[in-house]
Amino acid sequence: MAYREKLKNASGFWLLRVLFLFYAFVAATTTTAQQRQPQRQPQRQKNAYATMMYMGTPRDYEFYVATRVMIRSLVRLHVDADIVVIASLDVPLRWVQALEQEDGAKVVRVENLNNPYKDQANFDRRFKLTLNKLYAWNLVDYDRVVMLDSDNLFLEKTDELFQCGQFCAVFINPCIFHTGLFVLQPSETVFKDMIHELETGRENPDGADQGFIASYFPDLLDKPMFHPSLNGTKLDGHYRLPLGYQMDASYYYLRLRWSVPCGPNSVITFPGAPWLKPWYWWSWPVLPLGIEWHKHRLQTLGYSAEMTMVIIQAVIYLGMIAVTRLAKPNMPKLCYRRSDKSISIIQTGLKLVAVWSILASYIMPFFLVPSTLHPLLAWPLYFLGSFALSTIAINSFFLPIIPVLAPWLLIFGSLLVMAYPWYSNGVVRALAVFLYAFCSAPIVWVSLTKVMSCLQVSLEREIFFPRLGESSPPSGFNKLY
């Protein structure tokens, strides 16, 4: 029993210590980042980096944060161009003000373009408003525009792209170019023609910007490769961009290093599953590059927006641990009248409640952690929340601490296996994770069996629901089990 108490105290102490130290580090870094925020020059540049923002998806806030981090990264690289955000009219005013006043971007408000492909069979609803990207051709005050998705991570300055021709894009797919980054020459004529093509129903395989723009420039695969000139002369025509301007993150995961031979390794893109975008805290260490995105955010935007919620959750979890320990002697003392049928129902229900309580202790904290929090702060907060909720199940149902916390320890171990930085390549890493999961499965099964066994013993001894008129078993009864 003394060992269990020491384990509880030590776990809570180290979680609190890690949480406090990292909070202090993030707060100091955020303050520094805000103090050194660069000021954009007020005069209009002749070229622009542009991105878009619209509302209507479950992840609007996350993409807003991603857009701000990308803008701050471009400003930090001292790009010689304006930064423009094409924002729909329903984007909140406070977001627009933050983009303009804090990030130095120029916001262009637009009406959402109607998507005529929204009813086709293979249409993904999250791409309903991506055709707003066509507004980039209407930015006629600029000579060249580099149009960007918000999931781009800039490693180097890419102003040489403004030398490219009327349309240039990268083929990360062998046959179809990617619209996450492309160069264009704004033209009101081209913009009006695109709108006309929308209205007349031009063929669009996916119903989104990717399919429409690819069908509008069908011959790009046959065009020459772009090479910037030394004297900065702008080119005419259409060009393919080297892969180094859109390095798909999946290329990295195979070798755990970059080896893109064509073009400067300047921009990383994350075109995969939406729930594994790099700004989500759970994407690391599952996908190693997620930490790189958060490193950029830590150096630019910071995490002050999430810190209040982090502190509130940490205080609540620590309070839960303290209250649960103090209330332990009285929590399970409920009574029932003797009935064989009711006993069976109560026992079955109690087992279900206990199992669901353990599951909830691992699931609920995952969804309560702010989704765009830094992983090195989010994971300790998750573990603290899971530990706090687990103590409720442990103390309420007189469960053994080690079997209940076995998944907690295994999850922590899996993070260490995935975060190990010295794998030779992605295949070895994947095999290591698989081997760890294979070895962990029997431990989970044994732990579950132990928990159910302890529950059954407690039910047989009537430790939870003593009959009316009988004294309840002593609070320390389960020390032997």
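Structure: above.
What counts, and where the lines are drawn
- Residues numbered from 1 in each chain as written.
- Predicted model: local features only at pLDDT ≥ 70, side-chain atom pairs only at ≥ 80, totals over all residues.
- Heavy atoms only, no water.
- Pairing = 2+ DSSP bridges.
- Helix = DSSP H or I, 4+ residues; strand = E, 2+ residues; numbered from the N terminus.
- Buried < 20%, exposed > 50% of the residue type's maximum accessible area, 1.4 Å probe, protein only.
- Phe/Tyr/Trp six-rings, centres within 6.5 Å; stacked < 30°, edge-to-face > 60°.
- Lys NZ or Arg CZ within 6 Å of the ring centre and 35° of its normal.
- Disulfide = S-S within 2.5 Å.
- Contact = heavy atoms within 4.5 Å.
- Axes fitted to C-alpha atoms, helices over the stretch in contact; angles between N-to-C directions.
- Expected span 1.5 Å × (residues − 1).
- Polar contact = N/O pair within 3.5 Å; in protein donor to acceptor, adjacent residues only side chain to side chain.
- Core = buried A, V, L, I, M, F, W, Y, C linked by side-chain atoms within 4.5 Å.

Two orientations exist for strands paired in a sheet by backbone hydrogen bonds: parallel and antiparallel. Sheet architecture is open: 3 strands sit in the order S5-S10-S9, paired in mixed fashion. Sheet topology places strand S5 (152-154) and strand S9 (247-248) at the edges, where each strand pairs with a single neighbour. Bridge count for S5 against strand S10 (residues 267-269) is 3 bridges, and the pairing is antiparallel. Of the residues in S10, the one forming a bridge with Phe154 is Val267.

The next thing to look at is the pairing of strand S8 (residues 238-241). Only one face of S8 is buried: it carries Tyr239 and Leu241, and the other face, with His238 and Arg240, is open. As paired strands, strand S6 (residues 167-170) and S8 are joined by 4 bridges and run parallel to one another. The residue of S8 that forms the bridge with Val170 is Leu241.

Scanning all chains against the criterion turns up 38 aromatic pairs. Ring plane angle 55° and centroid distance 6.3 Å describe the contact between Tyr61 and Trp95, whose orientation is recorded as tilted. Of this pair, Tyr61 sits in helix H2 (residues 60-76) while Trp95 sits in helix H3 (residues 93-102), and the two are 34 residues apart along the sequence. Both rings, one in Phe212 and one in Tyr216, keep their centres 6.2 Å apart while their planes meet at 25°; by these two values the pair is stacked. With Phe212 and Tyr216 both in helix H5 (residues 209-216) and 4 residues apart, this pair spans about one turn of that helix. For the residue pair Phe212 and Tyr216, the accessibility class agrees, reading buried in each case. Lying across the ring of Trp275, Arg59 places its NZ or CZ 5.1 Å from the centre.

What follows covers the state of the cysteines. Here the structure, examined in full by the defined rule, presents 1 disulfide. Here Cys164 connects covalently by a disulfide to Cys168, the sulfurs 1.9 Å from one another. Handedness of the Cys164-Cys168 disulfide follows from its S-S torsion of about -100°: it is left-handed.

Let's shift gears to H5. Residues three or four positions apart in an α-helix share a direction because the helix packs 3.6 residues into each turn. With 8 of its 8 residues buried, H5 lies for the most part within the structure. Listed in full, the buried residues belonging to H5 are Asp209, Gln210, Gly211, Phe212, Ile213, Ala214, Ser215 and Tyr216. In this structure, the buried residues of H5 make contact with S6, strand S7 (178-184) and helix H4 (188-200).

With that out of the way, let us pick up the sheet that holds S6. Taken together, 7 strands build an open sheet; the order of strands is S3-S2-S1-S4-S7-S6-S8 and the sheet is mixed. At either margin of the open sheet sits one strand with a lone partner, and together these are strand S3 (106-110) and S8. Neighbouring strand axes in the sheet, compared pairwise and without regard to direction, differ in orientation by 25° on average. As defined by bridge partners, strand S4 (residues 144-148) adjoins S7 across 4 bridges and the pair is classed as antiparallel. If you follow Leu148 over to S7, its bridge partner there is Leu181. In the packing of H3 onto the sheet, the strands contacted are strand S1 (47-53), strand S2 (82-88) and S3, and the crossing angle to S3 comes to about 150°. Contacts from H5 reach S6 and S7, with the element oriented near 45° to S7.

The end-to-end C-alpha separation of H2 is 24 Å, in line with the 24 Å expected for 17 residues at 1.5 Å each. With 14 of 17 residues buried, H2 lies mostly within the body of the structure. Of the residues one or two after H2, His78 is the one with positive phi, at around 60°.

Positionally, Asp159 belongs in the loop between S5 and S6. The class of Asp159 is buried, set by a relative accessible area of 16%. Only 2.7 Å separates the side chain of Asp159 from the side chain of Tyr49, close enough to count as a polar contact. Side-chain polar atoms of Asp159 contact the backbone nitrogen of Asp80, separated by 2.7 Å. In contact with Asp159, other than residues within four places in its own chain, are Tyr49, Val79 and Asp80.

Core analysis: the biggest nonpolar cluster contains 90 residues, and Tyr49 and Leu241 have the highest contact counts within it. Setting aside its immediate chain neighbours within four residues, Leu241 contacts Leu161, Cys164, Cys168, Ala169, Val170, Leu181, Val183, Met225 and Phe226.

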